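Geometric and topological summary
These are the residues of each chain, in order.
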There are 2 protein chains.
Amino acid sequence: MTIQRQLVFLLTLCLMCFTLGCTQEQASNSDTRDTDLEAIKSADAAWAQISINKDWEGSYAYFTSDAVSLVPHAPIAEGIEAIRGVFDQMQGLPGFALSWKTASVEVSSSGDLGYSFGSYELSFDGADGAPVTDIGKYMTVWKKQADGAWKVALDMFNTDLPQ
Amino acid sequence: MTIQRQLVFLLTLCLMCFTLGCTQEQASNSDTRDTDLEAIKSADAAWAQISINKDWEGSYAYFTSDAVSLVPHAPIAEGIEAIRGVFDQMQGLPGFALSWKTASVEVSSSGDLGYSFGSYELSFDGADGAPVTDIGKYMTVWKKQADGAWKVALDMFNTDLPQ
């Protein structure tokens with residue numbers, strides 16, 4: 001081979017490997033989509049089951065330490081301690097129960113950020129002892145942690161019932 | 001150079017270019033972070049200004065066609081037509097006004113999905129003509145469109161006021 005041919009060969013090889021490097025990275029992103037969607041759906045379902053079981057301590061473990069929760073009739077709760085404050089009060093209501101069902105999930109192509117939304121049912125015993133039931137909807141933003149687990153960074157809910 | 005030395009040289013070159021390819025892709029992801037955060041913040045502020053201006057048609061243009069809106073005292077509104085139905089009713093209240101301020105934004109490393117949350121103020125004229133004011137909080141999920149613009153895929157709000 002002449003020097004020129006060798007140079008052309010080397011440059012082509014470099015370009016091919018560089019492109020392969022880029023493609024690999026993109027492929028690894030999109031390849032995780034189905035796994036990530038399934039993981040968020042599973043996390044949301046497992047979290048709901050923990051709530052059905054009234055395992056409130058287990059429920060708090062789903063939030064990141066700097067999570068934000070936007071609960072009706074309360075100011076923005078920033079950080080896990082503020083979130084505990086708001087939810088401890090709700091969970092302290094006599095006969096309090098909360099469950100929810102995921103309607104849909106979505107995830108970023110980088111697989112680090114996703115969200116779910118769906119419907120909830122909440123009930124407790126009113127002042128007269130009769131059960132008070134609320135139905136509504138929620139949305140949750142999930143962040144993938146360093147260990148691969150999905151945790152709640154932000155969540156919110158509101159009622160479907162007429163004012 | 002011997003054949004062996006040439007082979008080692010070529011393999012090293014391939015590895016370097018492959019790694020460079022991967023690194024470039026990752027760098028291009030994280031390089032857009034600040035731009036994306038700024039773009040979401042700007043979009044949220046521009047959207048709020050459009051609402052202050054009571055340009056409701058302009059406001060609807062911020063939603064993707066398959067967006068979902070979770071409005072209090074109403075079922076889940078899926079798709080822009082359902083969203084119009086819910087918001088047209090609210091905006092039809094006499095003296096209706098709505099504004100909000102972003103508190104925080106976040107974005108995925110792939111720069112295709114992000115969210116914002118903050119506080120809102122809503123008011124309208126009550127049955128007796130006296131203004132009724134509600135303050136609360138909102139969260140919005142943003143998706144980057146093919147043209148680079150950020151649009152609303154999901155949003156929700158609820159009141160801070162006591163029940």
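Use the structure listed above.
One structure accompanies this document, and this report is about it. Being a predicted model, the structure only gives us computed values, none of them experimental.

Procedures and definitions
Residues numbered from 1 in each chain as written. Chains lettered and ligands numbered in written order. Predicted model: local features only at pLDDT ≥ 70, side-chain atom pairs only at ≥ 80, totals over all residues. Heavy atoms only, no water. Helix = DSSP H or I, 4+ residues; strand = E, 2+ residues; numbered from the N terminus. Contact = heavy atoms within 4.5 Å. Areas by Shrake-Rupley, 256 points an atom, 1.4 Å probe, with all protein chains shown as cover. Salt bridge = Lys/Arg side-chain N within 4 Å of Asp/Glu carboxyl O. Buried < 20%, exposed > 50% of the residue type's maximum accessible area, 1.4 Å probe, protein only. Pairing = 2+ DSSP bridges. Axes fitted to C-alpha atoms, helices over the stretch in contact; angles between N-to-C directions. Expected span 1.5 Å × (residues − 1). Arc of directions from axis to C-beta.

A look at the overall build of chain A
Within chain A, the secondary structure is distributed over 4 helices and 6 strands. The order of α-helices and β-strands along chain A, N terminus first, is α-α-α-β-β-α-β-β-β-β. When contacts within chain A are restricted to residue pairs at least 6 apart in sequence, long-range pairs at least 24 apart make up 52% of them. By element, 58% of the accessible surface of chain A is carried by carbon and sulfur atoms, the whole surface being about 8500 Å².

So, the pattern of salt bridges
Tallying each qualifying case throughout the model produces 12 salt bridges over all chains. Across the pair A:Glu106 and B:Lys143 runs a salt bridge whose closest N-O atoms are separated by 3.7 Å. A residue pair is termed interchain when its members come from two chains, as with A:Glu106 in strand E3 (residues 97-107) and B:Lys143 in strand E5 (residues 131-144). Note on B:Lys143: relative accessible area 23%, which makes it partly exposed. Ionic pairing is found between B:Asp36 and B:Lys144, a salt bridge with its closest N-O pair at 3.0 Å. Here B:Asp36 is found in helix H2 (residues 33-52), whereas its partner B:Lys144 is found in strand E5, with 108 residues between them in sequence. With a relative accessible area of 4%, B:Asp36 lands in the buried category. One network of salt bridges, with partners in common, ties together A:Arg33, A:Glu106 and B:Lys143.

Focus on the pairing of strand E5 (residues 131-144) of chain A
Residues and elements named next belong to chain A. Note that strand E4 (residues 113-125) and E5 share 13 bridges and pair antiparallel. For Ser116, the partnering residue across the bridge sits in E5 and is Thr140. The hairpin turn running from E4 into E5, its antiparallel successor, is 5 residues long, and Gly129 in that turn takes a positive phi close to 85°. Here 9 bridges tie E5 to strand E6 (residues 150-159), and the two strands are oriented antiparallel to one another. Of the residues in E6, the one forming a bridge with Lys143 is Lys151. Linking E5 back to E6 in an antiparallel pair, the connection comprises 5 residues, with Gly148 at a positive phi of about 95°.

Thoughts on the environment of A:Arg84
Residue and element names in this part refer to chain A. Tracing the backbone through its elements, the reader meets Arg84 in helix H4 (residues 80-91). For Arg84, a relative accessible area of 22% translates into the label partly exposed. Separated by 28 residues in sequence, Arg84 and Trp56 have C-alpha atoms that sit 9.3 Å apart. With residues up to four places along the chain from it excluded, the contact list for Arg84 reads Glu57 and Tyr60.

Details of the pairing of strand E6 (residues 150-159) of chain B
All names here are of chain B. Counting buried positions along E6 gives 9 out of 10 residues, so the element sits mostly inside the fold. Two strands pair when backbone bridges link them, and strand E1 (residues 63-70) and E6 are joined in this way by 4 bridges, in the parallel orientation. Residue pairing in the sheet places Ser69 in a bridge with Asp155 of E6.

Section: the sheet that holds E6(A)
Residues and elements named next belong to chain A. What the 6 strands build is an open sheet, ordered E2-E1-E6-E5-E4-E3; its pairing is mixed. One side of each edge strand has no neighbouring strand; the edge strands of this open sheet are strand E2 (77-78) and E3. Along the sheet, helix H2 (residues 33-52) makes contact with strand E1 (63-70), E3, E4, E5 and E6, crossing E3 at roughly 175°. H4 rests against E1, E2 and E6 of the sheet, and its axis sits at about 55° to E1.

Concerning helix H4 (residues 80-91) of chain B
Residues and elements named next belong to chain B. Over its 12 residues, H4 runs 16 Å from end to end, which matches the ideal 16 Å to within 8%, given 1.5 Å per residue. Buried within H4 we find Ile80, Ile83, Val86, Phe87, Met90 and Gln91. One side of H4 holds all its buried residues, which, seen down the axis, span an arc of 130°. Projecting away from the buried face of H4 at angles above 90 degrees are the exposed residues Glu81 and Gln89.

Brief notes about unusual backbone geometry
Residues and elements named next belong to chain B. Although it is not a glycine, Lys54 sits at a positive phi angle of roughly 55°. Relative to the assigned elements, Lys54 resides in the loop between H2 and helix H3 (56-60). The phi dihedral of His73 falls on the positive side, at around 60°, and the residue is not glycine. By secondary structure assignment, the location of His73 is in the loop between E1 and strand E2 (77-78).

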